[in-house]
Amino acid sequence: MTRFLVATDSVHTTAAACDYLQDRLTSDDVVRVVGVTEDGSRDAGDAVNVAGARLAVPDVETAVREGDPADELRAELDASAVDELVLGARHPGPGPGTGLGSTARELVGHVDVPCVVLPPVRLE
């Protein structure tokens, strides 16, 4: 059994995470999808709902937390036995900038579990 923690704040990031996990999951794996919002918006709630519809495993847990995303995700990692963290690179904006967003920069290499950083989701 593998426990995945998916960190998300958008339906697009959740969909990309589901695409990544789909061929990796077995029936005894557990996926916890945590949406974090800093401003009380409903985007995080919408984002976690995507996982239940898209993932074909019996155990999909969802939660919405409010606060600093990196802090909230560290708390999630501390509270449960997670084998892999899956998160988005960043929201792409206009211009050529790419790379890790602030949450990924604060977590990748600074937590005790392997991290998978999904490519930025380009909306066209």
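You'll find the structure just up there.
This section reports on the structure supplied with the text. None of the values given here were measured: they were computed from a predicted structure.

Thresholds applied
- Residues numbered from 1 in each chain as written.
- Predicted model: local features only at pLDDT ≥ 70, side-chain atom pairs only at ≥ 80, totals over all residues.
- Heavy atoms only, no water.
- Helix = DSSP H or I, 4+ residues; strand = E, 2+ residues; numbered from the N terminus.
- Expected span 1.5 Å × (residues − 1).
- Buried < 20%, exposed > 50% of the residue type's maximum accessible area, 1.4 Å probe, protein only.
- Arc of directions from axis to C-beta.
- Contact = heavy atoms within 4.5 Å.

### Considering helix α2 (residues 43–54)
Given a rise of 1.5 Å per residue, twelve residues ought to cover 16 Å, and the 17 Å separating the end C-alpha atoms of α2 matches this to within 8%. Ala44, Ala47, Val48, Val50 and Ala51 are the residues of α2 that are buried. The buried residues of α2 occupy an angular sector of 140 degrees when the element is viewed end-on, so they sit on one face. Facing away from the buried side of α2 by more than 90 degrees, the exposed set consists of Asn49, Gly52 and Ala53. Against the buried residues of α2 lie β1 (3–8), α1 (11–22), β2 (30–37) and β3 (59–66).

### What about the environment of Asp71?
Within the secondary structure, Asp71 sits in helix α3 (residues 69–79). Overall, the relative accessible area of 46% leaves Asp71 in the partly exposed class. Taking the C-alpha atoms as reference points, Asp71 and His110, 39 residues apart in sequence, are found 12 Å from one another.

Just geometry here; none of it tells us what the structure is for.
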